[in-house]
Amino acid sequence: MIIAEVIVDIAHSQVDKVFDYIATPDVQKGQRVVVPFGKQTLEGYVINLKSQSSFEKDKLKSIIKTLEPYPLITEEFFALSDFMIKHYNLKRVDTLRLFFPSAMRGQKVKEQMQTVLLVNEFSKEFLTQQLKKSAKNQIALLDYINQNEVYIKSELNKRFGQGAVEKFITLKVFTEKQVHKDRDVLIKDRENEQITLNSAQKEILDKLNTPKTHLIFGVTGSGKTEIYMHKIMQCLKEGKTAIMLVPEIGLTPQVLSLFKARFGNNIATLHSGLSAGEKFDQWQKIRKQEVQIVVGARSAIFAPLKNLGVIIIDEEHDSSYQSDSNPRYSTHTIAKFRAKYNNCPLVLGSATPSIESFYKAQQGEYELYELKTRVNNQEMPKVQIVDMRNELSFGNTGIFSRQLQADLKDCIDSKNQAMLFCNRRGFASYIICRECGYVAKCEDCDASLVYHKEENLLKCHFCGKKYKALTNCPKCNSKYIRMGAIGTEKVVSELKEMFPEVKVLRMDFDTTQTKFAHANILDEFAQTKPSILVGTQMIAKGHHFPNVTLVGIVDADMSLHFSDFRNTERTFQLLTQVSGRAGRASKAGKIVLQTYAPKHYVYRFMANYNYKAFFERELELRKNSKFPPFAYIVRILITGFDEQKVIQITSKINKDIEKLKNDQFIFLKAMKAPVGKIQTKHRYQILMRILPTNFEKVLNQIYEVVNKNRNNDLNVFVEVNPNNLS
Ligand code: ADP
Ligand code: ZN
Ligand code: ZN
């Protein structure tokens, strides 16, 4: 007898449910199946096959059917699943669901079919005699078709009329057949450019063979992408495959068409902008090994390519590589696992590597390469730092400094283009005195306080401490206290007042909800001169606008005062990226950076594009204050509808964690989460900072505590160095 161990796909369960079912010999490990479950039938995954069950034979039920004729989960992904379960304390079913398009669950998507017509052998004379002289469409159709060719039925219907087509089917000229219809998403709208690597690039390419992690540190335009493409080409020649990851908002049609032009039909893509059907088709192409290259966003790290020759993570510092909802994982960690499994190199690239990655490179854990100049030797645009504290004393209460106004005017007068950048992150905003630059901070944590509008309170996201909202500045007593960020809408409306005759476009989350909105805004901007594009992070990446000569950063401090240990790092990364938008072609560019903290080291180093000096300074601070990479931040997040229950479990877990506490713990506290409620679920957390020695062991003990206290009414997640502490 063949017994299959099946994990049933139950949505809200807190634990995996594995059951034995009787299977037929054709059932394979990794296949999805439908099984009886109580009075229901459910989908499940065959995770193992065996010949005996510890249950009584007559109590066992049989698998009803398999859902696909092939296993969805291959051996590599079972191994990855095992790893993720242990490393992240996840349920198996949550890991398995990552490995294929979600719409396949519940059969919400399937192959798109179309009818084609095969032309049989026929005698034209004989047929001509059979057709009426008046049947013009039929005669035209007969003229059009060739023997042994295949035509799409709907197209012939449209051209020659359904009547004519049906007639030919009855005459047995055509045989109908159902075939797969691809929902193709990649357009080729440019020609491939043959590029020979320069010596700096070549030297790096030659070293990317060892199965290690390689970090390419090179300014924007230094030729990193060209190295990636050459590396991919090498893999293809060796019969291997490649995954190339780009941050979600960096994965523009331009990037995809660049790869399409170079690699033709050998590429597929996976990202969140695809419809369920498109995702399904792309994924199937990959599964069937019809393509050797996948270019995609975070989820593409799970692309079922076999025989990987390289994994590339471009803009490796980008926060979208971390998943911060269930199941939480870091793309780098998954990539390292897959690279090791396939014995292939992992290549990270960035102009502003994450502090953690650069530190690893410095420590010798990663190989480090540097590209010091742009391919065309062009200078980076000049950065001017504007002290916004001076503006009030000149009676300027607006959001644009006098400098930025003057530069905007120049830019418009010379019929060029400008980009204005407003960095808005989530709901949160800091509190600043516009007169003296004072920023409200937590007494205990040196973290900026976050204004919570609904409660009219300031909160520290590190320790949970609450403070009264400010009406006057505690330092200079000014009443010009700003709570809340400057939004893109506000910038647009002020611009329209200042330059009524100039085209102002806005690109942010709200204006890009429809499928082509993103591309349409960029197209319109490209075609209008002069014009101004106002936007969030979304405008920081990709596109190349030769006429952009001015980039204004309206509120540089926004991410600096964000309550997050990576805030300074993110500010540096973001501003460097934004400034890369100006002066990309022959015209020189300028950056105007508005700040209330003009002396902050992040601006000084950024203005000189001195990443390494910034890195050293930041690392020193993290070392002294014991933040990553010198400690781990661990958060246990407990959420549920019943607040009493959430509190009760939080304090129970906290008590158990207290027992683990040793001198490795430099912080441990249970509290309400900074955002206390999301979608009527109450949120509590236990925050820890733990020194790195033996961290794995401590983390496993934390997992044990959490698992022991699991409860089906609540969600309990453990996060390590999360992106977001709200
Ligand atoms: P990065 O990824 O570091 O931003 P890219 O690889 O996109 O840099 O290169 C920037 C520009 O320079 C692109 O237009 C690219 O086609 C071009 N380029 C890159 N390498 C070379 C080379 N060796 N010779 C000529 N042009 C190159
Ligand atoms: Zn605090
Ligand atoms: Zn003040």
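Residues numbered from 1 in each chain as written. Chains lettered and ligands numbered in written order. Predicted model: local features only at pLDDT ≥ 70, side-chain atom pairs only at ≥ 80, totals over all residues. Heavy atoms only, no water.

## What about empty space enclosed by the protein?
Here is step 1: Scanning the model with the defined rule gives three cavities of 30 Å³ or more in all.
Here is step 2: The volume enclosed by the largest cavity comes to roughly 70 Å³.
Here is step 3: Surrounding the largest cavity, M388, G398, I399, R434, R482, I486, V554, D555, Q594, T595 and Y596 form its lining.
Here is step 4: Broken down by class, the residue content of the lining of the largest cavity amounts to five nonpolar, three polar and three charged. (1 Å grid on protein atoms, 1.4 Å probe; cavity = no way out; pocket = protein on both sides within 12 Å on 5 of 7 lines; lining within 4 Å. Points joined across faces, edges and corners; volume = space filled by probe spheres on them. Nonpolar A, V, L, I, M, F, W, Y, C, P; charged D, E, K, R; others polar.)

## Topic: the domain arrangement of the protein
Here is step 1: The domain architecture assigned to the protein consists of domain 1 (2–106), domain 2 (113–180), domain 3 (199–371), domain 4 (382–427 + 486–621) and domain 5 (632–720).
Here is step 2: Distance from the C-alpha centre of domain 1 to the C-alpha centre of domain 5: 30 Å.
Here is step 3: With seven residues of domain 1 at the interface, the matching set in domain 5 holds eleven residues.
Here is step 4: At the boundary of domain 1 with domain 5, the tally comes to zero salt bridges. (Domains from an automatic or database assignment. Contact = heavy atoms within 4.5 Å. Salt bridge = Lys/Arg side-chain N within 4 Å of Asp/Glu carboxyl O.)

## Comments concerning the site of ligand 1
Here is step 1: Lining the immediate surroundings of ligand 1 are 14 residues, of which T196, Q201, G221, K224 and T225 lie closest.
Here is step 2: Within the backbone of E226, a nitrogen or oxygen atom sits 3.0 Å from an oxygen atom of ligand 1.
Here is step 3: Relative to its unbound accessible surface of 560 Å², ligand 1 loses 66% to contact with the protein.
Here is step 4: Of all the elements, helix α8 (residues 224–237) adds the most residues to the shell around ligand 1, at three residues. (Near = heavy atom within 4 Å. Polar contact = N/O pair within 3.5 Å; in protein donor to acceptor, adjacent residues only side chain to side chain. Areas by Shrake-Rupley, 256 points an atom, 1.4 Å probe, with all protein chains shown as cover. Helix = DSSP H or I, 4+ residues; strand = E, 2+ residues; numbered from the N terminus.)

## Some words on helix α5 (residues 153–160)
Here is step 1: Residues K153, L156 and F160 constitute the buried set of α5. All buried residues of α5 fall inside an arc of 65° around its axis, so they share one side.
Here is step 2: Directly beyond the C-terminal end of α5, a positive phi value near 85° is found at G161. (Buried < 20%, exposed > 50% of the residue type's maximum accessible area, 1.4 Å probe, protein only. Arc of directions from axis to C-beta.)

## Re the nonpolar core
Nonpolar side chains tend to gather and get buried jointly when the protein is soluble and globular.
Here is step 1: Grouped together as the largest cluster of nonpolar side chains are 88 residues, with contacts concentrated most on M84, F302, I311, L533 and I553.
Here is step 2: Broken down by element, the residue count for this core peaks at six residues, all from helix α19 (residues 601–607). (Core = buried A, V, L, I, M, F, W, Y, C linked by side-chain atoms within 4.5 Å.)

## Some thoughts on the pattern of salt bridges
Here is step 1: All told, the structure shown has 40 salt bridges when counted by the stated rule.
Here is step 2: In this structure, the salt-bridge partner of E76 is R338, at a minimum N-O distance of 2.8 Å. Note that E76 is positioned in helix α1 (residues 75–88) and R338 in helix α11 (residues 331–341), a separation of 262 residues in sequence.
Here is step 3: Owing to a relative accessible area of 8%, E76 belongs among the buried residues under this scheme.
Here is step 4: Residue class for R338 comes out buried when judged on its relative accessible area of 0%.
Here is step 5: Across the salt bridge formed by E176 and K153, the nearest N and O atoms sit 2.7 Å from each other. You can see E176 sitting in strand β9 (residues 174–180) and its partner K153 sitting in helix α5, a full 23 residues away along the chain.
Here is step 6: In this structure K153 comes out as buried when scored by relative accessible area, which is 14%.
Here is step 7: Sharing partners across several salt bridges, the network here consists of D9, K91, D94, R97 and R105.

## Notes on the side chain of T512
Here is step 1: Looking at the secondary structure, you find T512 in the loop between β26 (503–507) and α16 (517–527).
Here is step 2: We classify T512 as buried; its relative accessible area is 15%.
Here is step 3: A distance of 2.8 Å separates a polar atom in the side chain of T512 from the backbone oxygen of D508.
Here is step 4: With near-sequence residues (within four places) excluded, T512 lies in contact with M507, A517, H518, I521 and M538.

## Quick look at the environment of Q178
Here is step 1: Positionally, Q178 belongs in strand β9.
Here is step 2: Classification of Q178 by relative accessible area gives partly exposed; the value is 48%.
Here is step 3: A C-alpha to C-alpha distance of 4.7 Å links Q178 and T115, two positions 63 residues apart in sequence.
Here is step 4: Non-local contacts of Q178, meaning those with residues more than four positions away in its chain, are made with M113, Q114 and T115.
Here is step 5: Of the polar contacts made by the side chain of Q178, one reaches the side chain of T115; its length is 3.1 Å.

## Re the packing of helix α21 (residues 643–660) against helix α22 (residues 695–708)
Here is step 1: α22 packs onto α21 with a crossing angle of 155° between their chain directions and a minimal axis gap of 10 Å. Here α21 is positioned roughly antiparallel relative to α22, judged by the angle of their axes. Crossing hand, α21 versus α22: right-handed. Contacts from I653, D656, I657 and L660 in α21 reach Q701, I702, V705 and K708 in α22.
Here is step 2: In terms of residue class, the contact of α21 with α22 is built from five nonpolar, one polar and two charged. (Axes fitted to C-alpha atoms, helices over the stretch in contact; angles between N-to-C directions. Parallel < 35°, antiparallel > 145°, perpendicular 65-115°, else oblique. Left-handed = near helix turned anticlockwise from the far one by under 90°.)

## Some words on the pairing of strand β13 (residues 293–296)
Here is step 1: Both faces of β13 are covered, namely the face carrying I293 and V295 and the face carrying V294 and G296.
Here is step 2: Bridge count for strand β11 (residues 241–245) against β13 is four bridges, and the pairing is parallel. Counted as the bridge partner of I243 is V294 from β13.
Here is step 3: Here strand β12 (residues 267–270) pairs with β13 via four bridges, running parallel. Within β13, the position partnered with I267 by the bridge is I293. (Pairing = 2+ DSSP bridges.)

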